[in-house]
Amino acid sequence: MNIIVTGGAGFIGSNFIFHMLKEHPDYRIICLDKLTYAGNLSTLEPVMDNPNFRFVKLDICDREGVYQLFEEEHPDMVVNFAAESHVDRSIENPEVFLQTNIIGTATLMDACRKYGIKRYHQVSTDEVYGDLPLDRPDLFFTEETPIHTSSPYSSSKAGADLLVLAYHRTYGLPVTISRCSNNYGPYHFPEKLIPLMIINCLHDKPLPVYGEGLNVRDWLYVEDHCRAIDLIIHNGKVGEVYNVGGHNEMKNIDIVKLICQALGKPESLITHVTDRKGHDMRYAIDPTKIHNELGWLPETKFADGIKKTIQWYLDNEDWWQPIVSGEYQNYYEKMYKDR
Ligand code: NAD
Ligand code: DAU
């Protein structure tokens, strides 16, 4: 089995490549990644010498390059993680989100149509469903919840999802889509809540909580997400959407306090800053379908996963230090200086 994994130098894609090479040692994995600010080749160092692995630096919007790769590799499957993934950046500059997340998805699927494919899998997000109110804990996102987006990021992901389903209906492309809740774990880029708070804590820097910090996210350990995608691409029904999440809802402020406590830092580091524009209040996934159809359940409890994650950042300063001391500094200044 030859699988092209796009965006494999990023957070979830890299964890997925490690998972696949371990669980399916006879598969060949070809990682296609543009290496944007969020892509880090050093992440893939442990598998670079694996004869069943190939890295190709390429933009998913580069039609000629993508077609050439298909001619070289004859992939059986494509798993598309490549995306601009940060909501705050999409609020600053939506254009690149439309380009990569929508046009890039279409380009990959055109290659699949041209050369033939057993499965195209789109890694989507629960953010396509918009948000839920805080005072209705009985409500959850199911696969039938209407698409109702809030940010340029989630709109671009929803646009891509609609295209994927349209390519299935119009051209019969064998597609699946997964919509997962917030992931956490190793190799998470430090602009996102959990790694940002861990690293700021380690530097005794202020911990910038947007608004009151009452927004709720449904956190899933990244390895559980990777297992879910592995199951969907092998056993999922073509043309179907699968929600992925582990009923682990937490308020942002509670996550930040927990990180302070775990690292022995005072909560006085917490600084409430101006809220994100259009900030979604609550995400909560109903994972009944993937559980009933594919037998998936999360394996890592949050209490264990967050401990492992904090320990990973303590042990792997070599990975994040070059990131936070480079271009990231300018990003941080711009986003948080006068907030
Ligand atoms: P990330 O930002 O850490 O990584 C994205 C990767 O895509 C990077 O390696 C980057 O270089 C690459 N990339 C970006 N533009 C590209 C392009 N034009 N061509 C080729 N490669 C390109 O993202 P992540 O958090 O790992 O998310 C991966 C996917 O999962 C995304 O599609 C995201 O929407 C989705 N998702 C993320 C989460 C989460 O909590 N992080 C949850 C649900 C779904
Ligand atoms: O739900 C899935 C989505 O989760 C994915 O589709 C996105 O790619 C991924 O980035 C993530 O989106 P969020 O916006 O939920 O994640 P983020 O880590 O940016 O923020 C989590 C919450 O924390 C959110 O309510 C905003 C808040 N926050 C974030 C940062 C970076 C803060 O309060 N302070 C911060 O500095």
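Residues numbered from 1 in each chain as written. Chains lettered and ligands numbered in written order. Predicted model: local features only at pLDDT ≥ 70, side-chain atom pairs only at ≥ 80, totals over all residues. Heavy atoms only, no water.

**Re the overall build of the protein**
Then, in step 1: Helices and strands together make up the secondary structure of the protein, namely 12 helices and 13 strands.
Then, in step 2: Based on the C-alpha atoms only, the size of the protein along its principal axes is roughly 55 × 45 × 35 Å.
Then, in step 3: Counting the 339 residues in the protein, one finds 57% classified as buried.
Then, in step 4: Pairs at least 24 residues apart make up 83% of the contacts formed inside the protein by residues separated by at least 6 positions.
Then, in step 5: About 14,300 Å² of surface is accessible on the protein, with carbon and sulfur atoms providing 50% of the total.
Then, in step 6: Counting 33 positive and 48 negative side-chain charges, the protein places the averaged centre of each group 2 Å from the other. (Helix = DSSP H or I, 4+ residues; strand = E, 2+ residues; numbered from the N terminus. Buried < 20%, exposed > 50% of the residue type's maximum accessible area, 1.4 Å probe, protein only. Contact = heavy atoms within 4.5 Å. Areas by Shrake-Rupley, 256 points an atom, 1.4 Å probe, with all protein chains shown as cover. Lys, Arg positive; Asp, Glu negative; His and termini not counted. Charge placed at Lys NZ, Arg CZ, Asp CG, Glu CD.)

**A word on the site of ligand 1**
Then, in step 1: Residues in close proximity to ligand 1 total 28 residues, the closest being Ile 12, Asp 33, Ser 85, Tyr 153 and Lys 157.
Then, in step 2: At a separation of 3.1 Å, an oxygen atom of ligand 1 approaches a polar backbone atom of Phe 81.
Then, in step 3: Contact distances for ligand 1 include 2.9 Å between an oxygen atom and a backbone N or O atom of Asn 183.
Then, in step 4: Here ligand 1 has 840 Å² of accessible area as a free molecule, and 97% of this is covered by the chains. (Near = heavy atom within 4 Å. Polar contact = N/O pair within 3.5 Å; in protein donor to acceptor, adjacent residues only side chain to side chain.)

**Observations regarding the environment of Arg 136**
Then, in step 1: Looking at the secondary structure, you find Arg 136 in the loop between β5 (119–125) and α5 (152–171).
Then, in step 2: Judged by relative accessible area, which is 38%, Arg 136 ranks as partly exposed.
Then, in step 3: Between the alpha carbons of Arg 136 and Pro 266 there is a distance of 32 Å; along the sequence they are 130 residues apart.

**Thoughts on the pairing of strand β4 (residues 77–80)**
Then, in step 1: Side-chain alternation along β4 places Met 77 and Val 79 on one buried face and Val 78 and Asn 80 on a second face that is also buried.
Then, in step 2: Bridging between strand β1 (residues 2–6) and β4 involves four bridges; their strand directions are parallel. Within β4, the residue paired with Ile 4 across the bridge is Val 78.
Then, in step 3: Bridge count for β4 against β5 is four bridges, and the pairing is parallel. Directly across from Met 77, in β5, lies its bridge partner Arg 119. (Pairing = 2+ DSSP bridges.)

**Focus: the nonpolar core**
Then, in step 1: Counting 38 residues, the largest nonpolar core has Ile 194, Leu 207, Ile 259 and Tyr 328 as the members making the most contacts within it.
Then, in step 2: Mapped onto this core, the elements with two or more residues apiece are α6 (193–202), β8 (207–210), α8 (252–263), β13 (270–273), α10 (302–315), α11 (317–324) and α12 (328–336).
Then, in step 3: Dropping the residues within four chain positions of it, Tyr 328 is found in contact with Phe 189, Pro 190, Glu 191, Leu 196 and Ile 323. (Core = buried A, V, L, I, M, F, W, Y, C linked by side-chain atoms within 4.5 Å.)

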